[in-house]
Amino acid sequence: MPFLLLGAALVAFLASTRQWAFQVRLAVWGVGVVLLAAALFATPADGEEGLIRAMLANAAGHWRTPGDSVIAQLLSNWSAVSGAIPSMLNVAAALAGVLAVAALVAMSPGETVERIIRPINIGLIGAVFGAVATLALIAGGFAGYQKDRVYVGRPAASDVIDGDTLRFGDVSLRLFGVDAPEHQTNADGPGSAANQTCLMPGPTRVACGQRAREKLQELVRGRLVVCKPPQDRPAGEPPQETFGRPIVVCTAQADAAAATDVNRALVEEGYAAAYFDGSGLQVGDYREAARFQFGCTLRPGVWRHDDRKRQEFIDGVFRTITADDLIGRCPGITVPG
């Protein structure tokens, strides 16, 4: 429905350029504005409220603390692209000059010249507003401009790549301080470096990387998700990790309910481990749950990089695996350390 309304609005705007009486053209244009507003605020077919409506509701809910509103946070992104404004103004001024000349030519008697000039004018106006819209998209984090910024959206299930990675458009975001069991949809089967397994009581092995992904999908489904760089990141540290993904802390909010700290929920509810850097220091302050939801497994960093320990865990021999290598408690198994 929103797309149909948007299409109807565009048709109305195009029709308003016809050579009708001014009052008729203005009325048609007004219909286009109403249809466009309806498209922006329409409820999608899946029953979730639209992103624009959710953002406005969020802003209204924080009128006493405007710095917490999503819109206020998006406006803070503008500093990342402000350096492009002078050049963009020069381009816009040049296009405006062309528009002025075209408008002067269109004042000649008859409608022939006007009919030729009108589509050119529309194209030039579109170029000006398109340039401004591009800057606004970049500043709002809706485009793939990877800077120290805020990202806002309503991720679909397919936008959750694994238990600690989200996709916003063509940008993948890595959750700060979180290390979820490994999962890659198109990788080798369970037990490979890309698809982690966990040992449950029984003993039963489960594809816990997939389960962690499902938990992250549950946390963000149908919610307004806001992701931004962590406030306690060390000075000078780049806002992205090894694979070039921006590192973020995300919150998810449904309607007027309190926002959920997604990163903290994953770790403290036992669906992921706290992240430790190469020197063994914890990144972030998330407290691991006393009970890991999937029994036990190797810490994802160990699973990724230590082929020997990964194979020992799969085989159930635990020769070199220590307690520090594990998340949770392995049923019926005692390990050194």
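Thresholds applied
Residues numbered from 1 in each chain as written. Predicted model: local features only at pLDDT ≥ 70, side-chain atom pairs only at ≥ 80, totals over all residues. Heavy atoms only, no water. Buried < 20%, exposed > 50% of the residue type's maximum accessible area, 1.4 Å probe, protein only. Helix = DSSP H or I, 4+ residues; strand = E, 2+ residues; numbered from the N terminus. Pairing = 2+ DSSP bridges. Core = buried A, V, L, I, M, F, W, Y, C linked by side-chain atoms within 4.5 Å. Contact = heavy atoms within 4.5 Å. Phe/Tyr/Trp six-rings, centres within 6.5 Å; stacked < 30°, edge-to-face > 60°.

## A closer look at the pairing of strand S4 (residues 171-175)
Here is step 1 of the chain: Among the 5 residues in S4, 4 count as buried, and that is most of the element.
Here is step 2 of the chain: As paired elements, strand S3 (residues 165-168) and S4 share 4 bridges and run antiparallel to each other. Residue Thr165 lies in a different strand from S4, and its bridge partner there is Arg174.
Here is step 3 of the chain: Pairing between S4 and strand S9 (residues 247-253): 2 bridges, direction parallel. For Leu175, the partnering residue across the bridge sits in S9 and is Val248.

## Here's the deal with the nonpolar core
Here is step 1 of the chain: Core analysis: the biggest nonpolar cluster contains 35 residues, and Cys227 and Leu266 have the highest contact counts within it.
Here is step 2 of the chain: Of all the elements in the fold, those that place two or more residues in this core are S3, S4, helix H7 (208-220), strand S8 (224-228), S9 and helix H8 (262-268).
Here is step 3 of the chain: With residues up to four places along the chain from it excluded, the contact list for Cys227 reads Arg149, Val150, Tyr151, Leu166, Phe168, Leu173, Val248, Val249 and Cys250.
Here is step 4 of the chain: Within the second largest apolar cluster, 11 residues are counted, among which are Leu199, Trp303, Ile321 and Cys330.

## Some words on the packing of aromatic side chains
Here is step 1 of the chain: Taken as a whole, this structure holds 5 aromatic pairs when the rule is applied.
Here is step 2 of the chain: On the numbers, 6.2 Å between centres and 70° between planes, the contact of Tyr151 with Phe168 is edge-to-face. Here Phe168 lies in strand S3 and Tyr151 lies in strand S1 (residues 151-153), a separation of 17 residues in the sequence.
Here is step 3 of the chain: With a relative accessible area of 0%, Tyr151 lands in the buried category.
Here is step 4 of the chain: Given a relative accessible area of 8%, Phe168 falls into the buried group.
Here is step 5 of the chain: Seen in terms of ring centroids, Phe313 and Phe318 are 5.7 Å apart; in terms of plane orientation they differ by 55°. Their pairing is tilted.
Here is step 6 of the chain: We classify Phe313 as buried; its relative accessible area is 0%.
Here is step 7 of the chain: Look at Phe318 and you get buried, because its relative accessible area is 9%.
Here is step 8 of the chain: An aromatic cluster is built from Tyr271, Phe292 and Phe294, whose rings are joined through pairwise contacts.

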